[in-house]
Each structure stands twice: as C-alpha cells, then as structure tokens.
Amino acid sequence: SVTLFGVVDASISGYSSTARDERATVFPNAFGIPVYLNQGSVKTSRRELANSGYNSSRIGFRGTEDLGGGLAASFWLEAPISNDNGQEGIATFARRSTVSLSGGFGEIRLGRDYTPTFWNDTVFDPFGTNGVGTNLISTANGQFGAFGTPAASTAPFTNVGSSNYVRASNTIGYFLPPNLGGFYGQFQYGFAEKTKYSSGIFTPDVANSQRQGRYIGGRFGYANGPLDVALAYGSSTVGDQYYAGTTTKVNTLNLGASYDFGPVKLFGELSKAKNKIDYEVTPFLGGRPDIDLTGYLLGVTVPVGAGLIRASWSHVKYDTNQPYNPFVVNNADPKANKIALGYVHNLSKRTALYATIARVSNKNGASLTVGGPAFYNNAAGVFTPKSSTGYDFGIRHAF
Amino acid sequence: SVTLFGVVDASISGYSSTARDERATVFPNAFGIPVYLNQGSVKTSRRELANSGYNSSRIGFRGTEDLGGGLAASFWLEAPISNDNGQEGIATFARRSTVSLSGGFGEIRLGRDYTPTFWNDTVFDPFGTNGVGTNLISTANGQFGAFGTPAASTAPFTNVGSSNYVRASNTIGYFLPPNLGGFYGQFQYGFAEKTKYSSGIFTPDVANSQRQGRYIGGRFGYANGPLDVALAYGSSTVGDQYYAGTTTKVNTLNLGASYDFGPVKLFGELSKAKNKIDYEVTPFLGGRPDIDLTGYLLGVTVPVGAGLIRASWSHVKYDTNQPYNPFVVNNADPKANKIALGYVHNLSKRTALYATIARVSNKNGASLTVGGPAFYNNAAGVFTPKSSTGYDFGIRHAF
Amino acid sequence: SVTLFGVVDASISGYSSTARDERATVFPNAFGIPVYLNQGSVKTSRRELANSGYNSSRIGFRGTEDLGGGLAASFWLEAPISNDNGQEGIATFARRSTVSLSGGFGEIRLGRDYTPTFWNDTVFDPFGTNGVGTNLISTANGQFGAFGTPAASTAPFTNVGSSNYVRASNTIGYFLPPNLGGFYGQFQYGFAEKTKYSSGIFTPDVANSQRQGRYIGGRFGYANGPLDVALAYGSSTVGDQYYAGTTTKVNTLNLGASYDFGPVKLFGELSKAKNKIDYEVTPFLGGRPDIDLTGYLLGVTVPVGAGLIRASWSHVKYDTNQPYNPFVVNNADPKANKIALGYVHNLSKRTALYATIARVSNKNGASLTVGGPAFYNNAAGVFTPKSSTGYDFGIRHAF
C-alpha cells in the first residue's frame with residue numbers, strides 16, 4: 001500500500017556571471033591629476049556536476065487507502081536529494097509532507113505543500129523552474145519572498161523555514177473535487193506558529209516573533225482539451241516587529257495559461273508581486289514605499305519524435321516607488337531579461353537526456369543569475385551585475 | 001523481506017499556559033508609600049499544525065529472517081518524522097534501531113530501543129503518551145531524567161543523546177520467550193561509551209565524561225485475558241564528575257496495570273523516581289538530598305461503535321527532602337494534577353479522526369504544561385506557573 | 001522496479017591504546033638534583049556497542065530500467081546508518097549516490113562513488129576494511145588523504161566533504177563492459193566545483209578555494225577463475241593556495257591480488273602514496289619535501305564448514321624525506337605493524353556472527369589505532385604512541 005518513487009537527475013553544468021565597474025576609466029584625484037579608476041569587468045564561473053537540471057531529484061513515499069463511501073485517506077512524504085554529492089539523503093520531507101482526507105467534497109490536506117501562487121510559475125514554464133532555464137519570475141520571486149533570517153539553519157540539509165515562496169509548512173489546504181467540468185481550485189492557509197502573550201505588554205522585543213511565516217492563498221483554473229489557464233493570489237508574511245507595529249508582507253497575483261496546438265505548445269504568464277509594510281501607526285513621512293516586482297513569461301515547446309525542443313523568454317522589473325531625485329544618478333528601475341533554449345531526448349518514459357543553455361541580461365542593478373556563483377563585487381561596491389550565462393547537459397532517471 | 005511502515009498524524013492544536021505574580025498587589029516602598037507591585041497573570045498561547053497528537057508520526061523498515069531450528073534474525077529501523085512542517089525526514093532512526101537474534105531462549109536485541117521503565121508509563125496511559133492528553137508521570141519524568149547538556153546537538157533533527165527516559169542508545173536487551181503462560185519480561189543494559197584513563201590521574205577534569213549515559217533496567221509482567229500488570233525498575237546515570245567523585249542517577253520504579261471489562265477498560269500506574277547523587281566521599285553536611293518524584297495515573301477507555309472515549313487523571317509530586325525552614329515561605333512540595341478527555345473515531349483500522357482536551361493545574365512552583373509554549377517569567381522570576389490547557393483535533397493515517 | 005536493501009551490523013567492541021613517556025625516569029634539575037620526570041604509560045580504553053564491525057551498516061535504494069537495444073539506465077542511492085545509537089538514519093547518501101547509463105560501450109556513472117584507488121585497499125583485505133581488523137594501508141591512507149578543513153561540518157551526520165580517500169563526490173565515472181575475457185577497468189574524474197575569477201587578481205585570498213576536492217584516477221584488473229589482480233592510480237587534490245601558488249596532492253599507486261586455492265585464499269597488496277606540494281614558483285630552498293606512505297598487506301581466509309577464518313598482517317611506513325640531521329634524536333621514519341585474526345560464522349547467507357581481535361604496534365611516533373579513543377598526550381606532548389588493541393564480537397544481518 002506504499003509506493004516508493006523518485007527522480008535521480010544529474011548534469012554537467014557550467015555558470016558564468018560578469019559584473020562591470022561602470023565608473024569613469026580615468027578620473028582626477030585630489031590634486032587634479034587623472035588617475036586610473038575603472039577596474040574593468042570580473043567574470044565568476046564554475047563548472048559542476050549538478051543535480052535537478054531537468055526534474056528535481058527526490059525520493060518519496062506515498063499511498064492511498066479507500067475508506068468506502070467515496071472517502072479516501074492518503075499520505076505523501078517526499079524528500080529533496082542531492083545525488084551529485086550524496087550530502088542530502090532523506091534528511092527532510094521538505095518537498096512535500098502531507099496527510100489528506102478526500103471525497104465528493106474535494107480534499108483536505110494537512111502539512112507542508114506547494115503554495116497556490118507557485119503553481120503558475122512552474123506549470124506554465126517550459127523548463128518547469130528547473131536548471132539554468134528556470135524563468136526569471138521564479139528566480140526573482142524566490143528571493144523576493146525570502147524571510148529575513150530563518151529561525152534555525154540546518155545546512156547542508158534543506159531548511160523549511162527560509163521562505164514560503166515555493167512551499168509553506170504547517171498548512172491546511174482545500175482542493176476542489178476533480179469532476180467540475182474542467183474547473184479546478186485550491187485554497188491554503190499556513191500557521192505562523194508564534195507564541196502570543198496576553199496581555200501583549202509581556203511580548204519580547206524580538207523581530208519576526210509574532211506573525212512571520214503565515215501564508216494565505218488560493219488558485220482557480222480551467223483545464224479542458226488543449227487549454228489550461230489559472231489565476232492565483234497569495235499573501236505571505238515575511239517579517240514583523242511587535243513594538244514597531246509593522247508587518248511585512250509579499251502579496252502575489254499571477255495569471256498563467258498554456259495552449260497545446262499539437263505541433264507546438266505555447267505558454268505565458270503575468271506576475272505581480274508587492275513587498276509592502278503594514279504600519280499600525282502610519283509614520284509621519286508615510287513609511288517605506290512598496291516594492292513592486294512585475295514579471296512576464298512567454299514559452300514554447302515543440303515535440304520532435306522522441307524529443308522536445310523548449311524555449312522561453314522572461315522579463316522582470318523591480319519598482320522601488322522612490323520619488324524622482326535629480327541628485328541621484330542611475331536610479332532607474334532594475335530589470336532583467338532571460339532567454340533559454342533546450343532539448344530533451346526521451347530514451348523512455350522514465351529516462352531522458354537533456355541540454356539547456358540560457359542567458360540573463362541585467363540592467364540598472366538587477367543581479368539575477370542562471371545559477372552558480374553570485375556576481376562579483378568588492379567592499380566598495382563599485383561593480384554592477386551584467387550578464388549571466390549557463391548550460392546543463394544531463395540525464396534524468398525516474399523510478 | 002522488508003516491510004515499510006509508518007504513521008502520518010497531523011492535528012490542529014492549541015496550547016495556553018498561565019503564570020501569575022503572587023506578590024502583594026500593593027506594597028510599601030522604601031518611603032513607606034504603598035506602590036503597585038503585582039503584575040497580574042500572563043498567558044502564553046500558540047496555535048499550530050502539529051504532528052503525533054494520537055500516534056507518533058514515523059516511517060520505518062523492518063524484517064525477519066527464519067534461520068531454521070527455531071532461530072530467527074530480525075531488524076527494526078524506525079525514524080521519527082515531523083510531517084506538519086517536513087523538517088525532519090528519515091534523518092535518524094531515533095525511535096528504534098535494532099538487530100535481534102531470537103529463538104527458544106528468548107530474544108537478544110542490540111541497538112537503540114525503548115527503556116523497560118518507559119513501557120509502563122505509555123502502555124497503561126489511555127492516551128499512550130501522545131498529544132495534549134499525555135499523562136503527567138511521563139511529562140514530569142521526561143524532564144527529570146534529562147542529561148545536563150547533551151554531547152552534541154543536531155537540532156532540528158532528533159538528538160538521541162539528550163535523555164535515557166524514553167529510549168536508550170547502545171544497549172543490549174534480553175526478552176523472555178513468549179510462551180511462558182502469560183508471563184513476560186525484559187532486561188536492558190546501555191553502554192555509557194566513555195573513554196577510561198589508566199592510571200586515572202590522567203582523566204580530564206570534565207563533567208559527564210566518565211559514566212553519564214549508562215542505563216540498566218528490567219521489566220516483568222503478566223498478561224492473560226483481560227488483565228495486564230507489569231513492574232519495572234531502571235537506573236539511568238544522568239551525570240558524573242570524576243574528580244568530585246560524584247555520580248548522579250535517576251532510579252525509577254513503577255507498577256502499571258490494566259483490566260478490560262469489555263464495555264470499559266481501566267488503567268492505573270504508580271511511579272516512584274529518585275534523582276540521587278552518589279558520593280565516593282560523603283560530604284561533611286551529607287551532600288545534596290535526593291529529589292523524589294512520585295506519580296499516579298488512573299485512566300479509562302470506553303468503546304462506542306467505531307469510536308473510543310478516553311479519559312485520564314494523573315498527579316505528580318516532587319519532594320526535595322529539604323529540612324523544614326521556618327524562614328522560607330512557600331517551600332511546600334511542588335505538585336500538579338492533570339485531567340484529559342478525548343474521543344477517537346476510527347474511519348478504518350488505519351485511519352482515525354481524534355479530538356482531545358486537557359488541563360494541568362500546578363501548585364507550589366511545579367511548571368508542567370500540556371505542550372506548547374513554556375510558562376512566562378521575567379528576569380526577576382516573580383511569576384508562578386499555574387494552569388495549562390490545550391486541545392488536539394486531528395487525523396492519524398497508518399501505512 | 002526499486003530494490004530496498006541494507007545491512008544492520010552491531011557488535012560489542014573494545015579498544016585500548018597505550019602511550020608511553022619515553023624520557024629518562026630521573027633527570028637533574030637546574031640545581032643538578034635528580035628529579036622524577038618520566039610519567040610512565042597511559043592507557044585510554046573504551047567499550048562500546050558499535051556498528052559495522054563486519055560489514056558497513058547501510059540502507060539503500062537501487063534499480064535498473066531496460067531501455068532496449070542493449071541500453072540500460074540505473075540508479076543507486078545508499079546511506080550509511082549508525083544502528084547502534086540510531087543517530088544517523090538516511091540523512092545522506094554518502095555511501096553511494098549515482099545515476100548510470102550502460103550498454104555495449106560500458107557504463108557511464110554520475111554522482112558520488114568509491115574511488116578506484118580505494119577498491120584495492122578493501123577488496124584484497126580479508127577484513128574488507130571493516131572493524132578492528134581493517135588493514136593499516138586503509139587506516140593510514142584515510143588520514144593521509146583527508147582535507148585540511150572540510151567545507152561544512154554536518155556532525156553527527158556523515159560529511160561528504162572531508163576526504164576523497166574512500167569516495168569522491170561530483171564525479172564522472174566510466175567502466176569497461178563486463179565481457180572482456182576477465183579484464184575490467186574504470187576511470188573517475190571528480191569536479192572541485194570551485195568558483196574561478198577572471199581576471200585572477202580578483203580571487204579571494206582564501207586557502208583551499210580553487211582546486212581542493214578534485215580527484216582523478218583509474219583502475220585496471222584481471223579476474224579469472226581463482227585469480228584476481230588489479231592496479232590502480234589516483235591523484236587527489238587535498239589543498240591549494242592561489243596566491244602562494246601551491247597545490248597539495250595525494251598521489252596513490254597500489255597493486256592488489258588474491259588467489260583462491262580452495263581450502264585457503266591468499267591476499268596481498270602493495271601501496272605507495274605521496275603527499276606532495278606542487279609549487280608554481282619553486283621556493284629557494286626547494287619547498288617542503290614529499291611525504292611518502294608505503295604499505296604492505298598479506299592476508300588469508302580459510303573456510304571451515306559454515307564459517308570462515310580470517311587473518312592479516314599489514315605494515316605501513318612514513319618517510320618525510322628530511323635530510324639527516326645529527327642533532328635531532330629519534331628522527332627515524334614512523335612505522336607501524338598490525339596483526340588481525342577473526343572468525344565469521346554464517347547462520348545463513350544474510351546473517352552471520354563474527355569475532356575479531358587485532359593489535360597495532362607503532363614505532364617512531366606513528367599513532368595508528370585499531371579504532372576507539374586516540375592515544376593520550378598532554379600539552380607538553382611527551383607521550384609516544386605505542387600499541388593499540390581491540391576486539392569486535394557481533395552480528396551482521398543483511399536484507
């Protein structure tokens with residue numbers, strides 16, 4: 001009654017990211033003498049045996065029990081594994097760990113699970129948010145929704161407390177039943193699990209002790225024949241300060257769709273995320289403005305025999321909503337573009353070879369990479385991130 | 001030849017614990033002016049998606065090989081898992097990890113296993129020492145038998161070295177064969193695994209380096225028809241200091257019984273634990289007196305159709321054996337009562353819904369909770385723990 | 001399509017290691033008065049419930065998929081476990097974690113795997129490098145090839161980054177196909193996975209950040225009938241310093257053979273390892289001389305009914321290649337001998353009882369043990385390691 005399943009995905013991958021000193025090449029020093037200033041560009045690169053270039057490496061246990069009367073109980077425990085170096089085994093069930101009760105009413109699911117908002121980012125990405133081809137909406141939102149400081153680090157094992165972008169812990173989920181003529185939907189609530197003090201004056205003066213970690217979101221879609229379209233909204237509390245009366249949230253709204261024409265399948269997504277601070281008492285000068293993150297994704301897949309060509313273009317733009325300041329140079333909104341191209345060759349349903357190449361172009365200080373090492377910078381911070389390129393060449397074996 | 005088994009148990013649980021400032025409400029200050037002093041009561045509370053409210057969440061591997069001639073070899077590897085947040089997967093086999101050889105002589109079992117003394121605390125508890133209903137004997141003894149400082153912390157993964165109350169590592173166990181007309185019994189010895197120095201004068205002056213971790217205990221019982229009764233004794237070395245010549249032990253004696261009348265089943269347990277320091281050279285003033293922990297448990301279960309009503313009352317009392325001191329107020333022995341009430345509804349043999357409520361009342365400084373956050377106190381330590389209440393409402397699915 | 005397999009091996013083991021103060025017993029002090037100086041010998045000993053005395057305790061998942069046309073894909077995920085205390089479950093797949101594609105051309109294997117050079121150390125050891133009987137070539141080379149400081153410690157879980165002696169992470173392996181008339185062979189390359197900086201002047205001044213971790217090696221052998229013989233060579237980069245221009249490598253060459261005469265099987269191995277520093281600019285005085293580690297192993301096994309007698313003698317010698325210095329006493333090369341004797345009694349193919357005893361004799365400062373606590377020394381460092389003895393008495397159960 002238990003199914004043991006998994007994916008072992010390994011690739012030879014390379015990453016290369018270039019940052020450039022954008023100051024003048026020569027500049028007069030204190031005595032008016034022009035001196036060499038600009039330090040040129042610095043490329044950081046790394047070659048690896050990596051995992052999860054096509055599908056995330058994992059091992060899991062799942063099962064379903066028929067309780068009669070249309071009712072069923074089921075469980076799903078799935079661990080991320082790092083098969084390239086063997087360091088992470090089944091140390092956690094960070095990918096998913098749930099127990100469910102399902103029936104005509106739908107499904108109630110308890111535990112750690114994907115957030116509704118993440119589904120659109122991955123389902124409508126030809127690269128499924130894996131490897132160097134991962135779309136920029138996912139890359140940018142992953143950092144955008146990270147908690148300031150996770151409660152407890154467990155490196156090198158996956159830490160479930162660092163973000164609610166992809167998944168949330170301690171959640172109650174509800175899923176609509178499957179027989180709604182193509183309509184589907186889900187709702188998820190995740191507990192912050194913080195200790196409350198009553199009366200509140202006994203609350204310790206510690207950041208992120210009261211509301212951080214809470215998640216609430218939902219997704220509603222329609223899939224029928226070649227069409228799949230879904231809208232999702234979620235609100236993740238990423239920080240709080242009890243005495244300052246502030247709550248920092250990342251609110252995300254996204255809409256994705258795919259249409260399978262047969263010889264080609266098209267993908268698209270729009271995403272809008274807002275990192276905002278709620279003030280119990282609005283500061284005199286209005287508080288920190290919201291930071292907006294807007295993203296676009298266009299993708300295509302083309303089946304060719306036993307293979308599949310994959311390509312995508314994605315774009316993100318940050319808006320810090322700062323008023324125009326004529327004394328600051330280069331305060332334009334950071335933005336980035338990405339193109340990715342890949343080919344998957346299926347040796348069987350379970351085993352495939354794949355190759356992907358990708359390139360990110362950053363502007364105005366955006367610092368997104370395809371993976372691998374971060375952009376170089378020195379203590380003076382004079383380097384500006386520019387392009388990042390990478391490749392994966394690997395094998396995916398599922399069992 | 002391998003059986004894969006497990007439990008995924010998730011609940012919505014809430015905990016609330018109240019501490020009270022027991023000083024006078026107003027009190028004269030240095031100038032004789034009455035000032036407000038008492039700070040009232042503080043309630044710490046938390047709501048969670050929790051695991052193991054009815055049965056401990058786990059995943060395990062076990063098997064038996066018939067060696068012929070009545071002989072068999074078997075193994076059992078069982079991991080605790082935290083399915084509510086996915087943080088702990090099969091990182092450890094802290095619940096049990098043993099290899100056995102069994103035959104007509106009984107069973108010899110090597111590895112990490114339950115201590116004989118814990119069995120009575122859990123077998124004769126209607127709530128099986130899980131969730132907010134866990135009896136106070138178990139709650140109090142769990143803290144009583146903890147080591148001062150475990151050797152190495154592996155948070156957030158279960159640390160096997162923090163206590164020998166529930167289980168002990170590095171043990172040799174012996175179990176009587178099953179065919180003794182209802183009589184059963186076991187014996188367990190656990191190695192301290194400390195490095196000895198010969199001659200002893202080269203021993204480093206470090207606490208808990210010589211004897212801490214050793215466990216020795218046994219259990220003997222009789223189960224026949226509706227009756228089950230068992231007596232257990234164990235001695236756990238929880239601390240030592242080579243040069244001071246001291247060894248701190250927790251010695252536990254308990255007696256439990258249950259009788260199944262059919263429409264109702266009754267449970268009872270008496271437990272006596274003593275935290276004592278053995279001195280190689282008795283100090284002039286006699287050394288620290290023993291600390292006694294006495295516990296009582298009464299329980300009942302009532303089957304109702306596919307369901308089971310569970311209820312228990314438990315009581316513990318600490319005795320620090322201090323001589324009567326007329327100048328110290330409120331030096332009465334700390335004690336606590338608990339009542340727990342629950343209902344389990346079996347959807348099948350493997351899947352059940354359950355609900356439990358419980359309340360602990362502390363007196364004279366005892367600080368036991370039903371789970372969740374600790375009692376509030378400030379640096380001045382003026383708050384006294386009072387009541388703690390909680391509930392579990394969840395689902396248990398076994399596979 | 002998944003095979004779940006494992007070994008649970010537990011033993012009662014004891015270790016005892018003696019170090020001796022080799023200074024004069026009495027010695028004149030500053031006033032010419034003879035004072036007592038020599039502190040005699042110190043024995044450190046420990047008794048444990050240990051794991052892996054005969055075969056390494058483990059649990060693993062593996063499987064193969066037939067892709068047609070002689071092609072196959074397979075995976076192997078194998079975790080070390082500490083069944084004596086339950087502390088390490090399937091936290092890592094540090095024993096092996098690979099995905100393979102195989103066919104008429106042989107096998108390409110990606111991930112973490114045994115190094116070619118280690119195979120000869122374990123295959124031609126009657127004790128298979130497990131328990132107190134482990135041959136000295138393996139004991140000495142294990143420390144010889146350790147990295148200075150592993151990147152990240154994950155105690156008490158196995159850390160894959162501490163050495164490339166037994167296994168290497170992030171490797172690409174190639175194996176000859178099996179149908180070559182008894183000839184077999186393999187090649188392995190392991191990525192260092194360090195971040196490169198271009199231009200190089202931006203490289204941070206941190207040791208072991210550029211090349212440490214790289215492994216390259218191969219093994220070629222012939223097995224036919226009673227004979228098995230193999231030669232292996234490997235080079236492991238154990239340290240580097242970018243600005244000093246140094247790369248520290250351990251280069252290993254070994255040759256092993258076994259011949260099965262039927263009533264007795266003989267084993268032998270020669271091993272030569274060199275810890276050398278490559279200098280980009282050779283220092284004026286020639287740099288640190290290489291350190292050589294030479295080892296010999298002779299072994300024998302004798303089947304007796306359901307049992308197997310095992311015995312081995314091994315010897316290692318370190319040569320620091322220091323020029324002769326008449327002013328330094330006792331600068332002879334450190335060396336050590338070991339004899340081990342054991343018996344395995346098979347209760348079935350899967351279950352065995354075993355007993356092993358062993359003794360190491362160190363000379364000239366070598367400090368190898370059979371396991372257990374290290375040799376005693378004090379801050380002044382006046383103790384010299386001498387003999388180390390130990391025993392295992394246990395049970396191995398495979399599933």
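Structural data are supplied above this passage.
In this text, all values refer to a predicted model and were calculated from it rather than measured experimentally. (Residues numbered from 1 in each chain as written. Chains lettered and ligands numbered in written order. Predicted model: local features only at pLDDT ≥ 70, side-chain atom pairs only at ≥ 80, totals over all residues. Heavy atoms only, no water.)

(A) Expanded view of the overall build of chain A. Broken down by element type, chain A carries two helices and 20 strands. Relative to its length of 399 residues, chain A is compact, with a C-alpha radius of gyration of 23 Å against a globular reference of 21 Å. Projecting the C-alpha coordinates of chain A onto the three principal axes gives extents of approximately 90 × 65 × 40 Å. Counting all 399 residues of chain A, 53% fall into the buried class. For chain A, the proportion of contacts with a sequence separation of at least 24, taken over those separated by at least 6, is 62%. By element, 60% of the accessible surface of chain A is carried by carbon and sulfur atoms, the whole surface being about 16,700 Å². (Helix = DSSP H or I, 4+ residues; strand = E, 2+ residues; numbered from the N terminus. Rg over C-alpha atoms; globule rule 2.2 N^0.38 Å. Buried < 20%, exposed > 50% of the residue type's maximum accessible area, 1.4 Å probe, protein only. Contact = heavy atoms within 4.5 Å. Areas by Shrake-Rupley, 256 points an atom, 1.4 Å probe, with all protein chains shown as cover.)

(B) Just the interface of chain B and chain A, in detail. Contacts between chain B and chain A engage 41 residues on the former and 41 residues on the latter. Counting the surface lost from both chain B and chain A, the interface buries some 3,300 Å², and carbon and sulfur atoms represent 68% of this. The tally of links from chain B across to chain A stands at zero salt bridges. Run the count over chain B and chain A and you get 16 residue pairs in polar contact (both at pLDDT 80 or more). Of all elements in the fold, only strand 1 (3-21), strand 4 (41-51), strand 5 (58-68), strand 19 (351-363) and strand 20 (383-398) of chain B reach the threshold of two or more residues within the side of chain B that touches chain A. (Buried area = accessible area lost by both parts, 1.4 Å probe. Salt bridge = Lys/Arg side-chain N within 4 Å of Asp/Glu carboxyl O. Polar contact = N/O pair within 3.5 Å; in protein donor to acceptor, adjacent residues only side chain to side chain.)

(C) Broad picture of helix 2 (residues 136-144) of chain B. Residues and elements named next belong to chain B. Of all nine residues making up helix 2, seven are buried, and the element is well covered by its neighbours. Residues of helix 2 that are buried: L136, I137, S138, T139, A140, N141 and F144. For helix 2, the N-terminal capping position is held by N135, with its side-chain oxygen 2.9 Å away from the main-chain nitrogen of I137.

(D) Quick look at the relation of the copies chain B and chain A. The two copies are related by a screw operation: chain B maps onto chain A through 120° of rotation and 0.1 Å of translation along the axis, at an RMSD of 0.1 Å. Read as a symmetry element, the transformation amounts to a three-fold axis. Judged by C-alpha distance, B:A91 is the residue of chain B that lies nearest the rotation axis, at 2.4 Å. Little of the interface of chain B is mirrored in chain A: 10% of its interface residues are interface residues there too. (Least-squares fit on C-alpha atoms with pLDDT ≥ 70 in both.)

(E) Inspection of the pattern of salt bridges at higher detail. Residues and elements named next belong to chain B. What the rule picks out here adds up to 33 salt bridges over all chains. Note that R109 and E107 form a salt bridge whose closest N and O atoms lie 2.9 Å from each other. The two residues R109 and E107 agree in class, both being buried. Across the pair K274 and D290 runs a salt bridge whose closest N-O atoms are separated by 3.8 Å. Residue K274 is found in strand 15 (residues 265-279), and its partner D290 is found in the loop between strand 15 and strand 16 (291-304); the two are separated by 16 residues along the sequence.

(F) Fine view of the relation of the copies chain B and chain C. Under the fitted operation, chain B is carried onto chain C by 0.0 Å of movement along the axis and a turn of 120°, and the coordinates agree to an RMSD of 0.1 Å. Here only 10% of the contact residues of chain B are again contact residues in chain C; the copies associate through non-equivalent surfaces.

(G) Fine view of a positive patch on the surface. Residues and elements named next belong to chain A. Positive charge collects at one region of the surface, where K272, K317, K335 and K363 lie side by side. Assignment of secondary structure puts K272 in strand 15 (residues 265-279). Among the residues examined, K272 registers a relative accessible area of 46% and is labelled partly exposed. (Patch = residues over 30% accessible without salt bridge, like charges linked within 9 Å, V, L, I, M, F, W, Y side chains within 5 Å. Lys, Arg positive; Asp, Glu negative; His and termini not counted. Charge placed at Lys NZ, Arg CZ, Asp CG, Glu CD.)

(H) Examining the nonpolar core more closely. Residues A:F61, A:I90, B:F61, B:I90, C:F61 and C:I90 are the most contacted members of the largest nonpolar core, which totals 62 residues. Beyond its immediate sequence surroundings of up to four residues, A:I90 is in contact with A:I59, A:F61, A:A79, B:G89, B:I90, B:A91, C:F61, C:I90, C:A91 and C:F93. (Core = buried A, V, L, I, M, F, W, Y, C linked by side-chain atoms within 4.5 Å.)

(I) Structural view of the side chain of A:D125. All names here are of chain A. Mapped onto the elements, D125 comes out in the loop between helix 1 (116-123) and helix 2 (136-144). Despite its burial, D125 pairs with no opposite charge, the nearest such side chain being R310 at 6.9 Å. The residues contacting D125, other than those within four sequence positions of it, are G133, T134, N135, F267 and L297.

(J) How the structure looks around the interface of chain B and chain C. If you look at the interface, chain B gives 40 residues, while chain C gives 41 residues. Note on chain B versus chain C: buried area summed over both sides is about 3,300 Å², and carbon and sulfur give 68% of it. Of all residues in chain B, B:E65, B:F191 and B:F202 bury the most surface against chain C, accounting for 17% of the area lost on that side. Where chain B touches chain C, the interface holds zero salt bridges. Linking chain B with chain C are 16 residue pairs in polar contact (both at pLDDT 80 or more). Those elements that provide at least two residues to the side of chain B that touches chain C are strand 5, strand 6 (71-80), strand 7 (96-103), strand 8 (106-114), strand 9 (167-175) and strand 11 (196-198) of chain B. The dominant element in the side of chain B that touches chain C, judged by the number of residues it contributes, is strand 7 of chain B, at five residues.

(K) Structural view of the side chain of B:N120. Residue and element names in this part refer to chain B. Positionally, N120 belongs in helix 1 (residues 116-123). Residue N120 is classed as buried on the basis of its relative accessible area of 0%. Polar side-chain contacts of N120 include one of 3.1 Å to the backbone oxygen of A230. Leaving out residues up to four positions away in the same chain, N120 has contacts with R219, A230, L231, A232, N254, L255, G256 and E269.

(L) Region of interest: the pairing of strand 20 (residues 383-398) of chain C. Residues and elements named next belong to chain C. Burial analysis of strand 20 places 13 of its 16 residues in the buried class, the great majority of the element. Bridging between strand 1 (residues 3-21) and strand 20 involves 14 bridges; their strand directions are antiparallel. The partner of V8 across the bridge, within strand 20, is H397. Relative to strand 20, strand 19 (residues 351-363) runs antiparallel, the two sharing eleven bridges. For S361, the partnering residue across the bridge sits in strand 20 and is S387. (Pairing = 2+ DSSP bridges.)

(M) Spatial organisation of the environment of C:R396. All names here are of chain C. Take R396: it is sitting in strand 20. Look at R396 and you get buried, because its relative accessible area is 7%. C-alpha of R396 to C-alpha of F93: the two residues are 303 residues apart in sequence and 21 Å apart in space. Contact partners of R396, with chain neighbours within four places excluded, come to V7, V8, D9, Y54, N55, N346, K349, R350, T351, A352 and Y354. Here the side chain of R396 touches K349 through a polar contact of 3.5 Å, landing on its backbone oxygen.

(N) Structural context of the packing of aromatic side chains. The final tally for this structure, using the stated rule, is 52 aromatic pairs over all chains. Ring plane angle 10° and centroid distance 6.0 Å describe the contact between B:Y114 and B:F118, whose orientation is recorded as stacked. Judged by relative accessible area, which is 6%, B:F118 ranks as buried. For the ring pair B:Y197 and C:Y376, a centre distance of 6.0 Å and an interplane angle of 80° mean the geometry is edge-to-face. (Phe/Tyr/Trp six-rings, centres within 6.5 Å; stacked < 30°, edge-to-face > 60°.)

Honestly, it's all geometry; don't read function into it.
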